[in-house]
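Architecture at a glance
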Amino acid sequence: MTSVERTLAIIKPDAVEHRLVGSIVRRIEAEGFRIAAMRLVRLTRGEAAAFYDVHRDKPFFDSLTSFMSSGPAVVLALEASDAIVRWRRVMGATNPGEAERGTLRHEFGTSIEHNATHGSDAPETAAAELAFFFRGVEFAR
Ligand code: IDP
Ligand code: MG
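Summarised in this report is the structure supplied together with it. (Residues numbered from 1 in each chain as written. Chains lettered and ligands numbered in written order. Predicted model: local features only at pLDDT ≥ 70, side-chain atom pairs only at ≥ 80, totals over all residues. Heavy atoms only, no water.)

**With respect to helix α4 (residues 61-68)**
What counts is decided by this rule: To sort residues, take the accessible area from a 1.4 Å probe on protein chains only and compare it with the maximum for the residue type: under 20% means buried, over 50% means exposed, and anything in between is partly exposed. By definition, any uninterrupted DSSP run of H or I lasting at least four residues is a helix, any uninterrupted run of E lasting at least two residues is a strand, and each is numbered from the N terminus. Note that the arc is computed from the directions linking the helix axis to the C-beta atoms. Note on definitions: a residue-residue contact is assigned when non-hydrogen atoms from the two residues lie within 4.5 Å.
Among the residues of α4, Phe61, Leu64, Thr65, Phe67 and Met68 are the ones counted as buried. The arc that holds the buried residues of α4, viewed along the axis, is 160 degrees, so those residues lie on one side. Structurally, α4 contributes buried residues whose contacts are with β1 (4-11), α1 (13-17) and α3 (45-51).

Next comes the structure, spelled out in structure tokens:
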């Protein structure tokens, strides 16, 4: 069984800095996702902390929120059947050093923190993360 889903993707500040937005959007389209919404955001430290609240107690939390608020990022709502799992697969493992060849994090990530992209990990987190960036936004059809 497959179902049409939406997931939240982020092109993180490292990838925007490295001028990889075009390459990553090209890959998103080539993989068959429909872009339902997309915008450039500069998160505040507080917004980054709220977004990554589940990691509040991790040793890397301060560094992560600093990184995520260090420059503009691109947030996208991606639509496809099984979008959540499929986007996670296109991104690859969290640590670029462990990500499979051909995945975005293998290609474009430079460290476990600066790993180029984000993707929601489950239907509940996808709904919450999409609302975080796109509440009140009508997805284009
Ligand atoms: P995910 O992005 O693959 O879901 P998570 O474990 O949810 O990975 O971690 C969220 C983000 O925090 C990662 O994408 C990465 O940017 C950063 N991160 C995860 N683990 C570490 C770490 O051990 N050191 C530094 N940053 C980390
Ligand atoms: Mg995660």
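Structure shown, so let's carry the discussion forward.
**Some thoughts on the site of ligand 1**
For clarity, the threshold we go by: Any residue with a heavy atom positioned within 4 Å of a molecule or strand is treated as near that molecule or strand. Here a polar contact is recorded for every N or O atom pair within 3.5 Å, except that within protein the pair must consist of a potential hydrogen donor and a potential acceptor, and residues adjacent in sequence are included only if both atoms are side-chain atoms. Following the grouping adopted for this structure description, the nonpolar residues are Ala, Val, Leu, Ile, Met, Phe, Trp, Tyr, Cys and Pro, the charged ones are Asp, Glu, Lys and Arg, and the polar ones are all others, Gly among them.
With respect to spatial proximity, the complete set of residues near ligand 1 consists of Lys12, Tyr52, His55, Phe60, Leu64, Arg88, Thr94, Arg105, Ile112, Glu113 and Asn115. Separating an oxygen atom of ligand 1 from a side-chain N or O atom of Lys12 is a distance of 2.9 Å. For the shell around ligand 1, the class distribution of residues is 4 nonpolar, 3 polar and 4 charged.

**Considering the pairing of β1**
Each regular strand carries side chains that alternate between the two faces of the sheet. Let me state the cut-off plainly: Should DSSP find at least two bridges between two strands, the strands are regarded as paired.
Judged by how many residues are buried, β1 sits mostly within the fold: 6 of 8 residues are covered. The pairing of β1 with strand β3 (residues 73-81) spans 8 bridges and is antiparallel. Pairing of Ile10 across the sheet is with Val75, part of β3. Summarising the sheet, β1 and strand β4 (residues 117-119) pair through 3 bridges and their orientation is antiparallel. Looking at the pairing, Ile11 lines up with Thr117 of β4.

Purely geometric stuff here, so don't read any function into it on its own.
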